[in-house]
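# Observations on the model geometry
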Amino acid sequence: MPETDLLRAVVLAGGLTFEREVSLSSGTQVVEALLRAGLDAELRDADGDLLPGLAAAPADAVFIALHGSTGEDGAVRAVLDLAGVPYVGSPAAACRLAWDKPAAKSVVRSAGVTTPDWVALPHSTFRELGAGAVLDLIVARLGLPLMVKPASGGSALGAQKVSRVEDLPAAMVSCFAYGDTVLVERFVEGIELAVSVVDLGEGPRALPAVEIVPESGVFDYTSRYTPGLTEYHTPARVPDDVARRAAEVAVTVHEELGLADLSRTDLIVDADGAVHFLEVNVSPGLTETSMFPMAVEAAGHRLGDVLTTLLRQAAARG
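Chains are numbered independently. Their residues run from 1 in the order of the written sequence. In keeping with the model being predicted, local features are shown solely for residues with a pLDDT of at least 70 and side-chain atom pairs are shown and tallied solely at 80 or more, while totals for entire chains, interfaces and linings include all residues. Values reported for side chains reflect all heavy atoms of the structure, with hydrogen atoms and water molecules removed beforehand.

- The name given to the chain in an unreviewed UniProt entry is D-alanine--D-alanine ligase, with the source organism recorded as Klenkia terrae.
- UniProt positions are given in the numbering used here, feature names are shortened, and annotations may be inferred rather than shown by experiment. Taken directly from UniProt, the Function (unreviewed entry) text for the chain runs: "Cell wall formation."

Put into structure tokens, the structure is as follows:
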């Protein structure tokens with residue numbers, strides 16, 4: 001559509017996941033940014049009224065600010081595809097792959113990207129084979145400390161660093177509260193980076209990396225969403241060659257997993273300067289403490305302008 005046309009955007013937020021409140025915060029920020037950019041933007045929940053509402057008053061494009069399974073496992077996107085509703089972001093199949101952290105790590109490792117060694121096991125394995133015996137094998141294979149987190153999910157819900165063997169069972173129980181499968185990976189000490197990737201029509205490009213320095217030493221849910229508990233530095237305080245490698249890794253992850261429009265890749269840079277892939281988010285947070293808006297600003301862009309471009313591209317695809 002011509003750039004002068006008033007684009008009508010619907011922003012999806014909320015949903016019924018553990019991350020509902022974070023999603024609503026992201027959605028509110030997106031709507032405010034779009035309104036400032038001059039768009040007609042409306043916040044809608046992912047509920048039973050969504051599809052009838054879109055049918056009665058079609059949007060030119062939808063921006064998905066849903067977090068957790070509702071927005072990131074591809075299901076809502078598949079339904080929007082069925083309804084012929086264009087949206088910003090990765091296709092359903094790519095989202096399903098990225099949502100499954102062990103599967104994403106396998107694909108990324110096959111592409112030559114370094115990622116911490118890991119094992120992913122469902123709750124039934126521990127129940128049937130004996131938790132103690134299985135945990136002993138995990139520690140023998142991966143060592144300590146370990147990072148324990150749900151095999152799917154976001155916002156670091158259930159994620160814990162485990163430094164002592166005796167703390168491992170409780171960490172596993174905590175993870176199983178958020179999903180049936182747990183991912184246990186070798187903990188890599190280093191500088192944590194979030195590298196956002198955006199495609200504004202010229203292919204995916206990495207934005208300046210955000211360096212994350214949580215007060216607690218672990219970037220968990222509380223550290224992410226409580227203002228003042230984490231310091232952020234954009235661009236990251238790393239050597240130029242490390243920043244360049246981190247950007248290359250983020251773009252490689254985006255491309256290898258078949259992602260589109262925008263993503264955020266979480267990385268660790270170890271003491272030797274090696275960049276390790278942790279996970280990727282297909283629906284980056286857009287709250288006041290989120291890294292994607294920080295990276296957009298550091299790149300010299302306005303968030304509303306970037307989101308407007310992505311929505312116009314989605315509308316043109318539709």
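Next comes the rest of the account.
### Brief notes about the layout of surface pockets
- Whether a set of points on the 1 Å grid over the protein atoms alone is a cavity depends on a 1.4 Å probe fitting there but being unable to get out, while an open set qualifies as a pocket with protein on both sides within 12 Å along at least five of seven lines; lining residues are those with an atom within 4 Å of a point. Grid points are joined across faces, edges and corners, and a volume is the space filled by probe spheres set on the points. If you add up the space inside the largest pocket, you get close to 500 Å³.
- Along the wall of the largest pocket there are 33 residues; nearest its centre are M147, E192, F219, I268 and L278.
- By the criteria applied, helices consist of DSSP H or I runs no shorter than four residues and strands consist of E runs no shorter than two, each listed in order from the N terminus. Looking at the lining of the largest pocket, the elements that each hand over two or more residues are β6 (146–150), β8 (181–186), β9 (191–199), β11 (210–214), β13 (262–269) and β14 (275–281).
- Considering each element in turn, the lining of the largest pocket owes the most residues, four residues, to β11.
- Charged residues are taken to be Asp, Glu, Lys and Arg, nonpolar residues to be Ala, Val, Leu, Ile, Met, Phe, Trp, Tyr, Cys and Pro, and polar residues to be all remaining types, Gly included. For the lining of the largest pocket, the residue count by class is 16 nonpolar, six polar and eleven charged.
- In this model, the second largest pocket occupies a volume close to 160 Å³.

### A short note on the sheet that holds strand β2 (residues 40–45)
- Here, strands pair whenever DSSP counts at least two bridges between them. Pairing is parallel across the open sheet formed by four strands, whose spatial order is β2-β1-β3-β4. Of all strands in the sheet, those bounded by a partner on one side alone are β2 and β4 (87–88).

### Let's talk about the packing of aromatic side chains
- Only rings of Phe, Tyr and Trp enter the pairing, Trp through its six-membered ring, and a pair is recorded when the two centres are within 6.5 Å. The plane angle decides the type: under 30 degrees is stacked, over 60 is edge-to-face, the rest tilted. Inspection of every chain in the model, using the stated rule, returns three aromatic pairs.
- Taking the centre distance of 4.8 Å and the plane angle of 75 degrees together, the rings of F18 and Y178 count as edge-to-face. Separated by 160 residues along the polypeptide, F18 in the loop between β1 (8–13) and α1 (20–36) and Y178 in the loop between α9 (168–176) and β8 bring together distant segments of the chain.
- Note on exposure labels: buried denotes an accessible area under 20% of the residue type's maximum, exposed denotes more than 50%, and partly exposed covers the range between, all computed with a 1.4 Å probe on protein chains only. Take F18: its relative accessible area is 55%, and that puts it in the exposed class.
- When its relative accessible area of 32% is taken as the criterion, Y178 is described as partly exposed.
- Measuring from ring centre to ring centre gives 6.3 Å for F219 and Y232, while their planes differ by 80 degrees; the resulting arrangement is edge-to-face. Note that F219 is positioned in the loop between β11 and α10 (221–225) and Y232 in strand β12 (residues 230–233), a separation of 13 residues in sequence.

### What about the nonpolar core?
- By nonpolar core we mean a set of buried residues, namely Ala, Val, Leu, Ile, Met, Phe, Trp, Tyr and Cys, connected to one another through side-chain atoms within 4.5 Å. Membership of the largest hydrophobic core comes to 34 residues, with the highest contact counts inside it found for L34, F63 and L311.
- Counting residues per element, the ones that place at least two in this core are β1, α1, β3 (61–64), β9, β11, α12 (291–298) and α13 (303–317).
- Counting residues in each nonpolar core, the second largest holds 26 residues, with A98, V251, L257 and F277 among its members.

### What to know about the environment of V173
- Structurally, the position occupied by V173 is in helix α9.
- Accessibility expressed as a relative area gives 60% for V173, which makes it exposed.

### Some remarks on the packing of helix α5 (residues 92–99) against helix α6 (residues 101–110)
- With axes taken as lines fitted to C-alpha atoms, and helix axes fitted only over the stretch in contact, angles between N-to-C directions fall between 0 and 180 degrees. In the contact formed by α5 and α6, the axes pass within 5 Å of each other and the chain directions differ by 100 degrees. On the basis of their axis angle, the class for α5 and α6 is roughly perpendicular. Of α6, the residues touching α5 (which contributes L97, A98 and W99) are K101, A103, A104 and V107.
- Here the contact of α5 with α6 is built from residues that sort into six nonpolar, no polar and one charged. Oblique is the label for any angle not under 35 degrees, not over 145, and not in the 65 to 115 range, which are roughly parallel, roughly antiparallel and roughly perpendicular in turn. Residue contacts follow a heavy-atom distance rule, with two residues in contact if any of their heavy atoms lie within 4.5 Å.

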